[in-house]
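# Structural overview for review
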Amino acid sequence: MPQTIHRGIKSLIDEANAEIETLSAADAIKASQGDDVVIVDIRDPREIEREGRIPGAFSCTRGMLEFWIDPLSPYAKPIFQEEKKFIFYCAGGMRSALAAKAAQDMGLKPVAHVAGGFSAWRDAGGPTEKFEPRKPTG
């Protein structure tokens, strides 16, 4: 018998967007030029290798986000303890809405996400760069 999902992804994303700040790509590009902003790329490393990334963005896969934000977690990252605005993006703006909502619910602030994600950023003329994975040494 199939599962009965009561709150699907559309509902979750709609709820997230109702509670978080959503920036247009143009507004995110402007905001990224400030020293008080961290752009957070939550895409999978394979997406970053394939599509490129926003220069200077901090890479944090969606699966590690909560662990990296929580200062009491053994995986905590110091960047998430800084007094800055955190702007999340993914490929198209769905995962980043959920990520921004989760971060905001944890107490990280201020947070926002980029409507349309990396695609919108690139299409709006935002800077991008090719990602070169580290080569194994040895």
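Shown above is the structure to which this text applies.
Residues numbered from 1 in each chain as written. Predicted model: local features only at pLDDT ≥ 70, side-chain atom pairs only at ≥ 80, totals over all residues. Heavy atoms only, no water.

### Some details on the packing of aromatic side chains
Scanning the model with the defined rule gives five aromatic pairs in all. Geometrically, the ring pair formed by Phe-67 and Tyr-75 is edge-to-face, given 6.1 Å between the ring centres and 90° between the ring planes. Arranged with centres 6.1 Å apart and planes meeting at 25°, the rings of Tyr-89 and Phe-118 form a pair that is stacked. Of this pair, Tyr-89 sits in strand β4 (residues 85-89) while Phe-118 sits in helix α6 (residues 117-123), and the two are 29 residues apart along the sequence. Site record: aromatic cluster; members linked through ring pairs are Phe-58, Trp-68, Phe-80 and Phe-86. Looking at Arg-43, its charged tip hangs above the ring of Phe-118, at a distance of 4.5 Å from the centre. (Phe/Tyr/Trp six-rings, centres within 6.5 Å; stacked < 30°, edge-to-face > 60°. Helix = DSSP H or I, 4+ residues; strand = E, 2+ residues; numbered from the N terminus. Lys NZ or Arg CZ within 6 Å of the ring centre and 35° of its normal.)

### Structural notes on the nonpolar core
By size, the foremost hydrophobic cluster in this structure holds 21 residues, and its most contacted members are Val-40, Leu-65, Phe-80, Phe-86, Phe-88, Leu-108 and Val-111. Elements that contribute at least two residues to this core include exactly α1 (9-19), β2 (37-41), α4 (65-69), β4 and α5 (95-106). Of all the elements, α5 adds the most residues to this core, at four residues. Here Leu-65 is in contact with Cys-60, Phe-80, Phe-88 and Ala-99, once residues within four sequence places are set aside. Ala-25, Ala-28, Ala-112 and Phe-118 belong to the second largest nonpolar core, which has 14 residues in total. (Core = buried A, V, L, I, M, F, W, Y, C linked by side-chain atoms within 4.5 Å. Buried < 20%, exposed > 50% of the residue type's maximum accessible area, 1.4 Å probe, protein only. Contact = heavy atoms within 4.5 Å.)

### A few points about the side chain of Glu-47
Note that Glu-47 resides in helix α3 (residues 45-51). Looking at Glu-47, its side chain comes within polar contact range of the main-chain nitrogen of Asp-44, at 2.9 Å. Of note is the side chain of Glu-47, whose polar atom sits 2.8 Å from the side chain of Arg-95. Leaving out residues up to four positions away in the same chain, Glu-47 has contacts with Gly-52, Ala-91 and Arg-95. (Polar contact = N/O pair within 3.5 Å; in protein donor to acceptor, adjacent residues only side chain to side chain.)

### Some remarks on the layout of surface pockets
Volume-wise, the largest pocket comes out at about 240 Å³. Residue lining of the largest pocket: Pro-45, Ile-48, Glu-49, Arg-53, Ser-59, Cys-60, Thr-61, Trp-68, Phe-131, Glu-132, Pro-133 and Arg-134, and that is the complete set. In terms of residue count, the dominant contributor to the lining of the largest pocket is α3 (three residues). Considered class by class, the residues forming the lining of the largest pocket number six nonpolar, two polar and four charged. (1 Å grid on protein atoms, 1.4 Å probe; cavity = no way out; pocket = protein on both sides within 12 Å on 5 of 7 lines; lining within 4 Å. Points joined across faces, edges and corners; volume = space filled by probe spheres on them. Nonpolar A, V, L, I, M, F, W, Y, C, P; charged D, E, K, R; others polar.)

### Some remarks on the pairing of strand β5 (residues 111-114)
The two faces of β5 match: Val-111 and His-113 on one face and Ala-112 and Val-114 on the other face are all buried. Sheet topology places β4 next to β5; three bridges connect them, and they run parallel. Bridge pairing links Phe-88 to His-113 in β5. (Pairing = 2+ DSSP bridges.)

### Here's the deal with unusual backbone geometry
Residues Lys-109 and Pro-110 are joined by a peptide bond in cis, for which omega reads -10°. Considering the arrangement of structural elements, one finds Pro-110 in the loop between α5 and β5.

### Observations concerning α5
With 12 residues, α5 should reach 16 Å at 1.5 Å per residue; the first-to-last C-alpha distance of 17 Å fits that figure. Buried within α5 we find Ser-96, Ala-97, Ala-99, Ala-100, Lys-101, Ala-102 and Ala-103. Looking at the buried positions of α5, the neighbouring elements they touch are α1, α4, β4 and β5. In the stretch just after α5, Gly-107 is the one whose phi turns positive, near 115°. (Expected span 1.5 Å × (residues − 1).)

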